[in-house]
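Close look at the chain arrangement
Residue strings, one per chain:
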Amino acid sequence: MSKKEKTVLVPKLRFPEFNSSGEWKVSTLNSLAIKITNKNKDRSLTRILTNSATDGVVDQSEYFEREIVTQSNIDNYFIVDEGDYVYNPRISTSAPVGPISKNKLGKGIMSPLYTVFRFNNPRNEFYEQYFKTNLWNSYLKTVSNTGARHDRISISTENFMKMPLPYPSDEEQQKIADCLSSLDDLITAEDKKLSALRAHKKGLMQKLFPSEGKTLPEWRFPEFKDSGEWTKKTLGQLGKLVSGLTYSPDDVRETGLLVLRSSNIKNSVIILDDNVYVRTDISGANLSLEGDILICVRNGSKTLIGKNAIIPKDMPLCTHGAFMTVLRAQNPQFVFQLLQTTAYERQVKADLGATINSINGTQLEKYVFFIPKEQKEQQKIADCLSTLDELITAQAKKIEALNTHKKD
């Protein structure tokens, strides 16, 4: 082993009591764990689990909201106990060689495409945390190749089980595991707060906007109780659509005019993590303005159609791509909230049908909503919900910061 390789076995940060403990040892997965090959031959188990790159081991029917595998196929599935680890060779952006996750759901069965293994030492929380890093990815890349489907890693069981693993003392392992687990607990608690805020907003919107077949909401701010009926308006009456830019690979630059795409929308907020720029002198670009509502109107993934976000102030010079449109509304904060309602979702879903993966601009302008006649009532609703949006965004950033802190 080279000196360069040896330096990796001493972590950059270490608890003071272990500073004089020397380098970590290296072991292999097959020395620390056994591969599980028990199959569901008698079909006694029917709970099918899957290993998601983002959510770990989950119940398949709950996760996908439907059964993916017919019960006639489950006799070849591996039996997985609580505490077992599962490797899914499926590649994704967040798991470039596939995820390894610990099963915390209880007994179930897993696809034979997965690799299931069980540590000899029941106190293996250290490795649960280790597999959340990418430190083991390079080994799998060197002993595997991409499968015929180009979305899976192909690796032999023998090579997988030979994976080298760091092996500090049991005491140091437990100290690290306890530290990172406490952070996990904090992140989980903050995630629950975020979910509660989102659920609160969803419930509030159901009260502040008319339900299907109604022209008035269930709740109304006291000062507007005598303001009369709400009025029917189309989206085209509330603003105008601004078409997106068609550009070629030759127009793309390292810096320049930012082109907003569907990847720049996350949870109804503009994010700038995955940016594309084009030359600033390109023709046909309609510059985006603060308060414009960016809407995805065409995408390979049907679930992304209709998602939207309001463009905030202090944005860099930007336009939007051809698969997007911008709604430039007279009261953008209120109209943005209209596009978060179930009334909007129903109309998007009706437009898409079974095979269509786009919304026609002409049809989008015909979407119908009931809105207050008074501008002041519109603004009151927008202000109330925008305040909640700010709390939700702040909470999401707090969780992101905690995740970054743990990763670093």
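What counts as what
- Residues numbered from 1 in each chain as written.
- Predicted model: local features only at pLDDT ≥ 70, side-chain atom pairs only at ≥ 80, totals over all residues.
- Heavy atoms only, no water.
- Helix = DSSP H or I, 4+ residues; strand = E, 2+ residues; numbered from the N terminus.
- Contact = heavy atoms within 4.5 Å.
- Areas by Shrake-Rupley, 256 points an atom, 1.4 Å probe, with all protein chains shown as cover.
- Pairing = 2+ DSSP bridges.
- Axes fitted to C-alpha atoms, helices over the stretch in contact; angles between N-to-C directions.
- Salt bridge = Lys/Arg side-chain N within 4 Å of Asp/Glu carboxyl O.
- Buried < 20%, exposed > 50% of the residue type's maximum accessible area, 1.4 Å probe, protein only.
- Parallel < 35°, antiparallel > 145°, perpendicular 65-115°, else oblique.
- Left-handed = near helix turned anticlockwise from the far one by under 90°.
- Nonpolar A, V, L, I, M, F, W, Y, C, P; charged D, E, K, R; others polar.
- pLDDT = per-residue confidence, 0-100.
- Polar contact = N/O pair within 3.5 Å; in protein donor to acceptor, adjacent residues only side chain to side chain.
- Core = buried A, V, L, I, M, F, W, Y, C linked by side-chain atoms within 4.5 Å.
- Disulfide = S-S within 2.5 Å.
- Phe/Tyr/Trp six-rings, centres within 6.5 Å; stacked < 30°, edge-to-face > 60°.

To continue, consider the overall build of the protein chain. Tallying secondary structure elements over the protein chain gives 12 helices and 24 strands in all. In the protein chain, 74% of the contacts between residues at least 6 apart in sequence involve partners at least 24 apart. Total accessible area on the protein chain is roughly 22,900 Å²; 51% of this is exposed by carbon and sulfur atoms.

Moving on to the sheet that holds strand E9 (residues 115–119). Strand pairing within a sheet occurs via backbone hydrogen bonds; the two strands may be parallel or antiparallel. Judged by pairing direction, the sheet is antiparallel, and its 4 strands sit side by side in the order E2-E9-E6-E7 without closing on themselves. Unpaired on one side and paired on the other, strand E2 (33–35) and strand E7 (100–102) mark the two borders of the sheet. Taking each pair of neighbouring strands and ignoring which way they run, the sheet shows an average axis angle of 25 degrees. In the sheet, strand E6 (residues 85–87) pairs with E9 via 3 bridges, with the strands oriented antiparallel. Bridge pairing links Val86 to Val116 in E9.

Another point: the pattern of salt bridges. For side chains of opposite charge, pairing can occur when their charged atoms come near one another. With the rule as written, the count across this model stands at 23 salt bridges. In this structure, Lys201 and Asp389 form a salt bridge, with 2.7 Å as the shortest nitrogen-oxygen distance. Taken as a pair, Lys201 in helix H7 (residues 170–208) and Asp389 in helix H12 (residues 375–407) lie far apart in primary sequence, 188 residues in all. Asp389 matches Lys201 in its accessibility class, with the two residues each being buried. Of the charged contacts in the structure, one is a salt bridge between Glu218 and Lys207, with a shortest N-O distance of 3.1 Å. Linking Glu218 in the loop between H7 and strand E13 (231–234) with Lys207 in helix H7, this pair joins segments that are 11 residues apart in sequence.

If you trace the 4 strands from one edge of the open sheet to the other, you get E14-E23-E20-E21, paired in antiparallel fashion. The open sheet terminates on both sides in strands that have one partner only, identified here as strand E14 (239–243) and strand E21 (308–310). On average, each strand axis in the sheet is inclined to that of its neighbour by 25 degrees, with strand direction left out of account. Relative to strand E23 (residues 324–329), strand E20 (residues 293–296) runs antiparallel, the two sharing 4 bridges. Bridge assignment links Cys296 to a residue of E23, and that residue is Met324.

Right, let's get into the packing of H7 against H12. Packed helix pairs are characterised by how far apart their axes lie and by the angle those axes make with each other. It is at 10 Å that the axes of H7 and H12 come closest, and there the two elements cross at 165 degrees. On the basis of their axis angle, the class for H7 and H12 is roughly antiparallel. In this structure, H7 meets H12 at a crossing whose hand is left-handed. When its residues are assigned to classes, the contact of H7 with H12 shows 18 nonpolar, 4 polar and 9 charged.

For Asp292, the location among the structural elements is in the loop between strand E19 (276–278) and E20. In contact with Asp292, not counting residues within four places along its chain, are Leu287, Ala309, Ile310, Ile311, Val326, Leu327 and Arg328.

Our next topic: the confidence of the model for the protein chain. The predicted model of the protein chain averages 91 in pLDDT, with 94% of residues at 70 or higher. Confidence drops under pLDDT 50 across residues 1–7; counting only partners more than four residues distant or on other chains, this segment forms 3 contacts.

Before going further, it helps to examine the environment of Asp59. Of note, Asp59 is situated in strand E4 (residues 56–59). Since its relative accessible area comes to 10%, Asp59 is described here as buried. Expressed as a C-alpha distance, the spacing of Asp59 and Asn124, which sit 65 residues apart in the sequence, is 23 Å. Discounting chain neighbours no more than four positions away, the residues touching Asp59 are Arg47, Ile48, Leu49 and Leu105. Within the structure, Asp59 has its side chain in polar contact with the side chain of Arg47 (distance 3.1 Å).

The next subject is the nonpolar core. Grouped together as the largest cluster of nonpolar side chains are 46 residues, with contacts concentrated most on Phe209, Leu235 and Phe369. Apart from the residues lying within four places of it in its own chain, the contact partners of Phe209 are Pro217, Trp230, Phe334, Gln337, Leu338, Thr341, Ile381 and Leu385. Judged by nonpolar contacts, the second largest core, of 24 residues, contains Leu29, Ala33, Tyr127 and Met163.

Take Thr133: it is sitting in the loop between helix H4 (125–130) and helix H5 (137–142). Among the residues examined, Thr133 registers a relative accessible area of 31% and is labelled partly exposed. Remark: the alpha-carbon pair of Thr133 and Ile100, spanning 33 residues in sequence, is separated by 9.9 Å. Within the structure, Thr133 has its side chain in polar contact with the backbone oxygen of Tyr130 (distance 2.6 Å).

For Ser268, which is not a glycine, the phi torsion comes out positive at approximately 65 degrees. The exposure class of Ser268 is partly exposed, given its relative accessible area of 29%. Of note in this structure, Asp314 is not a glycine but carries a positive phi near 65 degrees. Along the chain, the position of Asp314 falls in the loop between E21 and strand E22 (318–320).

This structure, assessed with the given rule, holds 0 disulfides. Of the cysteine sulfurs around Cys296, a residue in no disulfide, the closest is that of Cys318, at 16 Å.

Attention shifts here to the packing of aromatic side chains. Considering all chains together, one arrives at 15 aromatic pairs under this definition. On the numbers, 5.9 Å between centres and 70 degrees between planes, the contact of Phe117 with Phe119 is edge-to-face. For the pair Phe117 and Phe119, one class covers both residues: buried. When the ring of Phe209 is compared with that of Phe334, the centres are 6.0 Å apart and the planes differ by 40 degrees; the resulting orientation is tilted. Linking Phe209 in the loop between H7 and E13 with Phe334 in helix H9 (residues 332–338), this pair joins segments that are 125 residues apart in sequence.

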